[in-house]
Amino acid sequence: MARKKIREHDSKRLLKEHLKRIAGIQLEIRSAQVTESTDFAELANKEPWLSTTKLVVKPDMLFGKRGKSGLVALNLDLAQVSQFVKERLGKEVEMGGCKAPITTFIIEPFVPHHQEYYLSMVSERLGSTISFSECGGIEIEENWDKVKTIFLPTEKSMTSQTCAPLIATLPLEVRGKIEEFIKGVFAVFQDLDFSFLEMNPFTLVNGEPYPLDMRGELDDTAAFKNFKKWGNIEFPLPFGRVLSPTESFIHGLDEKTSSSLKFTVLNPKGRIWTMVAGGGASVIYADTVGDLGYASELGNYAEYSGAPNEDEVLQYARVVIDCATSDPDGRKRALLIGGGIANFTDVAATFNGIIRALREKESNLKASRMHIYVRRGGPNYQTGLAKMRTLGVELGVPLEVYGPEATMTGICKQAIDCIMTAA
Amino acid sequence: MATGQLFSRNTQALFYNYKQLPVQRMLDFDFLCGREAPSVAGIINPGAEGFQKLFFGQEEIAIPVHSRSSNIFSDFIYSIEAACGAHPSADVFINFASFRSAAASSMAAMKQPTIRVVAIIAEGVPEADTKQLIAYARSNNKVVIGPATVGGIQAGAFKIGDTAGTIDNIIQCKLYRPGSVGFVSKSGGMSNELYNTIARVTDGIYEGIAIGGDVFPGSTLSDHVLRFNNIPQVKMMVVLGELGGRDEYSLVEALKKGKVHKPVVAWVSGTCARLFKSEVQFGHAGAKSGGEMESAQAKNQALRDAGAVVPTSYEALEGAIKETFEKLVEEGEIAPVPEVTPPPIPEDLSSAIKSGKVRAPTHIISTISDERGEEPSYAGVPMSTIVEKGYGVGDVISLLWFKRSLPRYCTQFIEICIMLCADHGPCVSGAHNTIVTARAGKDLVSSLVSGLLTIGPRFGGAIDDAARYFKDAYDRGLSPYEFVEGMKKKGIRVPGIGHRIKRADNRDKRVEMLQKYAHTHFPSVKYMEYAVQVETYTLSKANNLVLNVDGAIASLFLDLLAGSGMFTKQEIDEIVDIGYLNGLFVLARSIGLIGHTFDQKRLKQPLYRHPWEDVLYTK
């Protein structure tokens, strides 16, 4: 869904291939990707330049400031690169408060250079913002006042005239080349449904533009138009987001269906768990537990929407209940089966899957002293709520049920009161 | 954008990509509000043209359906133009197209001078496409609601698609008559929740819009708040924002610049994002945790600082709305809304049945197959079993015709009968008719049935009669002599006996094969033995009165039914009486007739004309 970051390796692959196609510009860049499964000998066979040039190696993990963090090595031969990677692959690093292992590296030819240019393109509501600077590189933030920016409205096309303010101060001998490059990159940006693209820096090699560092973000809802152009594109999870086995099970389920199934564990030892219908409502339930001061007890974020079928709901609910009931510690827990008033989703039908899962997990629910709170409205909600009430009696598990007459998040407070009372 | 009211009690819409439920719900809402004309003027639907029947209260009405003129994709533009031309009063375009085609059809609609508002329901429209729609709408003074939305509603006047859910909910939230609150949210799901909340603590909604959860919605929260500000009947606004994006800041700017004169109660959801360690994408495309500016906390604070009423949590939103409304009442800003009782909407039969309130008789009964559930089944045997166990056509016939699994020797016998009767050359009347029809350039089905329609008492229909007479005679204990002479007295030829070519010394090979099979596999062949005794007697009268293939199949089928032990006497009588055996011949011969049709088509044979020389013209 929506804007997805892609790896530097893919950004460069797409740029090189399509700049040639759309603007006739041949970029002399090369890059190779290294992961845990890479065999260096095999890679050197496939990419002979690796053995004949001096190289640069750096993590390709969707985080920036790699130079500043000492994660970029320059001017190495392939053996040294292999050593560099070996020392760091799978090792945890901390970036922007997120700790996670490095799993992917990018190797490129080492290109000595003096001039570093900055170029970025951002898709905005009414058009695109394009920024350019002659003072790019790792000091870009310190030199932000030197960055020139234009805003190109959606209905306007990129011409020499619109581009002019960006490059007005460039020496004449490079101005034409860079103008042509910016226009070409923008054409690729639009044609491939990029929502963000940044080169910091690019340089000139033999007078030709040469991106050294690149970041890209694609609009993945446009995948149906770009199947061929994007090729075998990967959308990695944000850095630091390592999926637990349960989370990746749900993630896999989500990718297979047209409905939406989301599940993130926030605190495995938390005592308040949620399973909420609807993109808007699910966020609000998590908010409310936090806003009431019990963020530390919130076990997870979970959302299901877009009318998943009974079997999908069943598989989904099993996972949520398993996590919510794991390692009983004798203290009470709460499960919020919440949702707003649906516009068109059949409430009773989606509840069927949840009810089957609850019935299967009866002993786990009892062992973890689970208290269940249900709130939902919408088509056929009376039937759905009645089934839930019957289930509570049948299982002998504390289960309270509310409809649209109650506030949506009232059960959050009840759940907190429940787990905070002694015994 | 800005300016005021988008809809009125006379607003009419065109509905693109027909969906029964949302259209019916719009019409039910219209009826509830006492609208005179339905709010859906026309439907544009690929592959269907004419009229769509729908309910308007108790009455059925027919809404015109406009189709693509052909299957060429770009022709949807033609059908949108045609529909707009036919319904010039419709100025709202409700687009239920998929995310693949929503942008192109919306653009085509916006280019029509009659269309003012386009609502896009699909989730997953590419950002770049939406941006084109936004740019066009801005320079041409049009309004886009969505994508990724349920739509919006003006209470007592007009409703888009599924907005506000069921009729019960609409009545509960008093959406059939205008209140004083303007509401706008990103989430479509939450809009319904808030209609309920607002109805609980105020005089209700005047207008509610869900702008959709995308990064770049076609119209923004502030667009609608500024519009509400210009509608005199709206006395206060409620805004439900979401983390991600900066849309709420344009509202902050408008508030700061004093452009909004009415109280605004606002809440931005997503305060929980800080609990996540890495960047997260929530349910909506636009709801992505990013920089501090885009966080719910920062937006709530900015709105608060700009003068909006912002509670401390979502839970306190209802209280804040209540307080703000009550203050307006105290200040005399709000005139009491005259309460009306909406007319009752008759419940749909399907939902009434589902809830167990009514029952209705069925009009068709079927006992042989069931296509509901995971896979189709024949007489209770699922398709997978039929394939996995290697069942043949004979087994399938046994399931669908006799509703039971007959032993393999029986189903194999059925298959042999079908193979023997599949064709009998091009000269027999059935095949001849098929050939003539195929050569007249008619299609497969016409050629096949013209051959099948020939089957009757003189062609192919003898098996049933043979079975009936043999069975009757044997069961009554008639000797072959009594039987044959009795028939003769009645002037009936004994069916199953006699052949045009075959003689006592030149038996029909097919008959011999059937008899051999039955002797080897059948537990009893009493009917066949009786038929042979009859043949012995008839042969004594004439050399060509042999047992023919019809007679053999008929008598052996009686043995199959009686000897398998799987049919009661009553069932056997019924099978013979209904004429099952004729079915066997029709099925078998269809194979040959289809073959003759294909043969003639392949040979490109011209129209058949019978030669004059072959007709005796006489007075």
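Predicted model only: the values in this text are computed from it and were never measured.

So, the overall build of chain A
Logical step 1: When its secondary structure is counted, chain A shows 14 helices and 19 strands.
Logical step 2: Taken along the three principal axes of its C-alpha coordinates, chain A extends 80 × 50 × 40 Å.
Logical step 3: Counting across all 423 residues of chain A, residues that qualify as buried make up 54%.
Logical step 4: Taking all contacts inside chain A whose residues are at least 6 apart in sequence as the whole, residues at least 24 apart take part in 70%.
Logical step 5: As displayed, chain A has an accessible area near 17800 Å², and 52% of this comes from carbon and sulfur atoms.
Logical step 6: One finds the centroid of the 50 positive side-chain charges in chain A at a distance of 2 Å from the centroid of its 54 negative side-chain charges.

Details of unusual backbone geometry
Logical step 1: Of the consecutive residues asparagine 200 of chain A and proline 201 of chain A, the connecting peptide bond is found in the cis state with omega at 5 degrees.
Logical step 2: Here proline 201 of chain A shows up in strand 11 (residues 194–205).
Logical step 3: For the peptide bond that leads from glycine 146 of chain B to proline 147 of chain B, omega is 5 degrees, which places it in the cis range.
Logical step 4: Summarising the element assignment, proline 147 of chain B is placed in the loop between strand 7 (143–145) and strand 8 (152–154).
Logical step 5: The phi angle at alanine 164 of chain B is positive, at roughly 70 degrees, despite the residue not being glycine.

A few points about the packing of aromatic side chains
Logical step 1: Counted under the stated rule, the structure contains 31 aromatic pairs over all chains.
Logical step 2: With 4.8 Å between their ring centres and 35 degrees between their planes, phenylalanine 7 of chain B and phenylalanine 158 of chain B make a pair best called tilted. Separated by 151 residues along the polypeptide, phenylalanine 7 of chain B in the segment before strand 1 (13–16) and phenylalanine 158 of chain B in strand 9 (residues 158–159) bring together distant segments of the chain. We note that phenylalanine 7 of chain B, like phenylalanine 158 of chain B, is buried.
Logical step 3: Ring centres of phenylalanine 183 of chain B and tyrosine 195 of chain B lie 5.7 Å apart, and the angle between their planes is 80 degrees; on these two criteria the pair is classed as edge-to-face. Separated by 12 residues along the polypeptide, phenylalanine 183 of chain B in strand 10 (residues 181–185) and tyrosine 195 of chain B in helix 6 (residues 188–201) bring together distant segments of the chain. Tyrosine 195 of chain B matches phenylalanine 183 of chain B in its accessibility class, with the two residues each being buried.
Logical step 4: An aromatic cluster is built from Phe402, Tyr409, Phe413, Tyr517, Phe522, Phe557, Phe567 and Tyr580 of chain B, whose rings are joined through pairwise contacts.
Logical step 5: Lying across the ring of phenylalanine 84 of chain A, arginine 88 of chain A places its NZ or CZ 3.8 Å from the centre.

Calculation rules
- The residue numbers shown here count from 1 along each chain, following its written sequence.
- Ligands are numbered from 1 and chains lettered from A, in the order in which they are written.
- Given that this is a predicted model, residues contribute local features only at a pLDDT of at least 70 and side-chain atom pairs are listed and counted only at 80 or more, while totals for whole chains, interfaces and linings are drawn from all residues.
- As a rule here, side-chain values cover all heavy atoms of the structure and leave hydrogens and water aside.
- Numbering of helices and strands runs from the N terminus, with a helix taken as a DSSP run of H or I at least four residues long and a strand as a DSSP run of E at least two residues long.
- Residue burial is assigned from relative accessible area. The probe radius is 1.4 Å, only protein chains are included, and a residue is buried under 20% of its type maximum, exposed over 50%, and partly exposed in between.
- Every residue pair with non-hydrogen atoms within 4.5 Å of one another is taken to be in contact.
- Where accessible areas are quoted, they stem from the Shrake-Rupley method and a 1.4 Å probe; at the residue level, only the protein chains shown are allowed to cover.
- The sign given to each residue is positive for Lys and Arg and negative for Asp and Glu; His and the chain ends receive no count.
- Charged groups are reduced to one reference atom each: NZ for lysine, CZ for arginine, CG for aspartic acid, CD for glutamic acid.
- Any two rings among Phe, Tyr and Trp, with Trp reduced to its six-membered ring, count as a pair given centres within 6.5 Å; such a pair is stacked if its planes are under 30 degrees apart, edge-to-face if over 60, and tilted if neither.
- Charge-over-ring placement is defined geometrically: NZ (Lys) or CZ (Arg) within 6 Å of the ring centre, and within 35 degrees of the ring normal.

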